[in-house]
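So the chains spell out like this:
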Amino acid sequence: MAATRRRELMVRWCVWALGVPLVTAAFWLGPAGTAVLSAVVGVVAVVEYGALLRLGPVDRVALGAAVVALVLSAWLAPDEVLRVAAVGALVIAGVPLLAGDAEHGLRRPGAGLLGLVWLGALAGLVPSGALGLVLFVAVSIADIVAFAAGPRLAAPGYSPLSPAKRWSGTLAGAAAGLGTLAALSSLTWQTAVAVAVGGPLGDLLESMVKRGAGAKDSGRWLAGSGGLLDRIDSLLMALAVLLVLS
């Protein structure tokens, strides 16, 4: 932060420093605290995601209910997670069907199901315990290092979805994330892949969504980051990758 002297990065660090104690406290309370945190984050993320993809109120309620149900089932009935996900998918797909929406009947369930898969990864925080907190810290540090190092190190860009991102920043961020995992005694090949590969892919996924929506950020209320979805995009994909590999 001191090396770059960039105000945006300084604000982002300050917000991150304020958020970590709150997140840590939720994890310290155990599965109940993590479930409440994940549910609240999921609702806010659904609001931002729905605004980006111009989903109507009913679609947002259906998606939000599905994400919260996934989180609660991961806490209270982990054996029923797949069934809850299937019911949520049916509800999301059924809303435009029951409304008889011929004009947007394909776009609405497509956007809703993508949101369920992407944002539903928050349910993975509940059973992960302390590892979920470690993953959050690792991808956050990786994001900030990549943001700071990319413009300072000459390297080609790695995707047209995010022209400002450079391979140099991505690799530097991955190294910082892996170093964080090692420092916190959580470095395994699964967590390494989740942070080094899943994190950047999550950032690209949100860039794709925002470019399709013609938006720069998912919101304007979170200083230094835009919206909450801008802050947790890497974590969501890292969680999904870790769940698959585990």
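Residue numbers restart at each chain and count upward from 1, following the sequence in its written direction. This being a predicted model, a pLDDT of at least 70 is required before a residue's local features are given, and a value of 80 or more before pairs of side-chain atoms are given or counted; all residues contribute to the totals for chains, interfaces and linings. Think of the side-chain values as coming from all heavy atoms in the structure, minus any hydrogens and water.

*Asks:* How would you sum up the overall build of the protein chain? Please name residues and give values.
*Replies:* Each helix is a run of H or I in the DSSP string that is no shorter than four residues. Each strand is a run of E no shorter than two, and both are numbered from the N terminus. Along the protein chain, the regular secondary structure elements total 10 helices and 0 strands. In sequence order, the secondary structure elements of the protein chain are arranged as α-α-α-α-α-α-α-α-α-α. Think of it in three bands: with a 1.4 Å probe and only protein chains considered, a residue is buried below 20% of the maximum accessible area for its type, exposed above 50%, and partly exposed in between. In the protein chain, which comprises 246 residues, the proportion classed as buried is 48%. Within the protein chain, contacts between residues at least 6 apart in sequence are counted, and of these 71% link residues at least 24 apart. Per-residue and other accessible areas follow the Shrake-Rupley method at a 1.4 Å probe size, with only the shown protein chains counted as cover for residues. A total of about 12,000 Å² of accessible surface is found on the protein chain, and carbon and sulfur atoms cover 72% of it. Working rule for contacts: check all heavy atoms of both residues, and any pair within 4.5 Å makes them a contact.

*Asks:* Mind laying out the packing of helix H2 (residues 31-52) against helix H10 (residues 228-245), listing which residues take part and the relevant values?
*Replies:* Note on geometry: axes are lines fitted to C-alpha atoms, helical ones only across the stretch in contact, with angles between N-to-C directions running from 0 to 180 degrees. Relative to each other, H2 and H10 sit at 110°, their axes nearing to 10 Å. It follows from the interaxial angle that H2 and H10 lie roughly perpendicular. Contact residues: H2 offers Val-41, Val-44, Ala-45, Glu-48, Tyr-49 and Leu-52, while H10 offers Leu-228, Leu-229 and Ile-232. Each residue gets one of three labels, nonpolar for Ala, Val, Leu, Ile, Met, Phe, Trp, Tyr, Cys and Pro, charged for Asp, Glu, Lys and Arg, and polar for the others, Gly among them. Partitioned by chemical class, the residues of the contact of H2 with H10 number 8 nonpolar, no polar and 1 charged. Working rule for angles: under 35 degrees goes down as roughly parallel, over 145 as roughly antiparallel, 65 to 115 as roughly perpendicular, anything else as oblique.

*Asks:* Could you give an account of unusual backbone geometry, naming the residues involved and the relevant values?
*Replies:* In this structure, Arg-54 takes a positive phi of about 55° despite not being glycine. Within the secondary structure, Arg-54 is located in the loop between H2 and helix H3 (57-76). One non-glycine residue, Ser-185, adopts positive backbone phi at about 55°. Within the secondary structure, Ser-185 sits in the loop between helix H8 (167-183) and helix H9 (189-213).

*Asks:* Go over the packing of H9 against H10 with me, naming the residues and quoting the values.
*Replies:* Between H9 and H10, the shortest axis-to-axis distance is 6 Å and the interhelical angle comes to 135°. Classified by the angle between their axes, H9 and H10 sit oblique to one another. Note on packing geometry: the crossing formed by H9 with H10 is right-handed. Each residue belonging to the contact of H9 with H10 can be placed in one class, and the counts come to 11 nonpolar, 6 polar and 5 charged. Crossing handedness: left-handed means the near helix sits turned counterclockwise from the far one by under a right angle, and right-handed means the same turn made clockwise.

*Asks:* Outline helix H7 (residues 130-149), listing residues and values.
*Replies:* Here the expected span of a helix is defined as 1.5 Å times the quantity of residues minus one. Compared with the 28 Å implied by 1.5 Å per residue over 20 residues, the 28 Å span of H7 between its first and last C-alpha is a close match. Counting buried residues in H7 gives 14 out of 20 residues, a clear majority hidden from the surface.

*Asks:* So what about the confidence of the model for the protein chain? Which residues, and what values?
*Replies:* Each residue carries a pLDDT value, the predictor's own confidence for that position, ranging from 0 to 100. Of the residues in the protein chain, 85% reach a pLDDT of 70 or more, and the chain-wide mean stands at 85. Element-level mean pLDDT values for the protein chain span from 70 in helix H1 (residues 7-28) up to 96 in H3.

*Asks:* Tell me what's going on with the side chain of Thr-180, and back it up with residues and numbers.
*Replies:* Here Thr-180 shows up in helix H8. Accessibility expressed as a relative area gives 11% for Thr-180, which makes it buried. Polar contacts, as used here, are pairs of N or O atoms within 3.5 Å; protein pairs need one atom able to donate a hydrogen and one able to accept it. Residues neighboring in sequence count only if both atoms are side-chain atoms. A polar atom in the side chain of Thr-180 sits 2.9 Å from the backbone oxygen of Ala-176. The contacts of Thr-180, once residues within four sequence positions are left out, are Val-137, Ala-138 and Ile-141.

*Asks:* Break down the pattern of salt bridges for me, citing the residues and quoting the values.
*Replies:* Opposite charge on two side chains allows them to pair when their charged atoms are near. Just to be clear on terms, a salt bridge is a Lys or Arg side-chain nitrogen sitting within 4 Å of an Asp or Glu carboxyl oxygen. Tallied over the full model, the rule gives 6 salt bridges. A salt bridge links Arg-108 to Asp-59; the shortest N-O distance between them is 2.9 Å. Note that Arg-108 is positioned in helix H5 (residues 107-119) and Asp-59 in helix H3, a separation of 49 residues in sequence. With respect to burial, Arg-108 and Asp-59 carry one shared label: buried. Of the charged contacts, one joins Glu-80 and Arg-83 as a salt bridge, the two residues approaching to 3.4 Å between their closest N and O atoms. Classification of Glu-80 as partly exposed rests on a relative accessible area of 32%. Taking the relative accessible area as the measure of exposure, Arg-83 reaches 59% and is therefore exposed. Beyond isolated ion pairs, a larger network of salt bridges with shared partners links Asp-59, Asp-101 and Arg-108.

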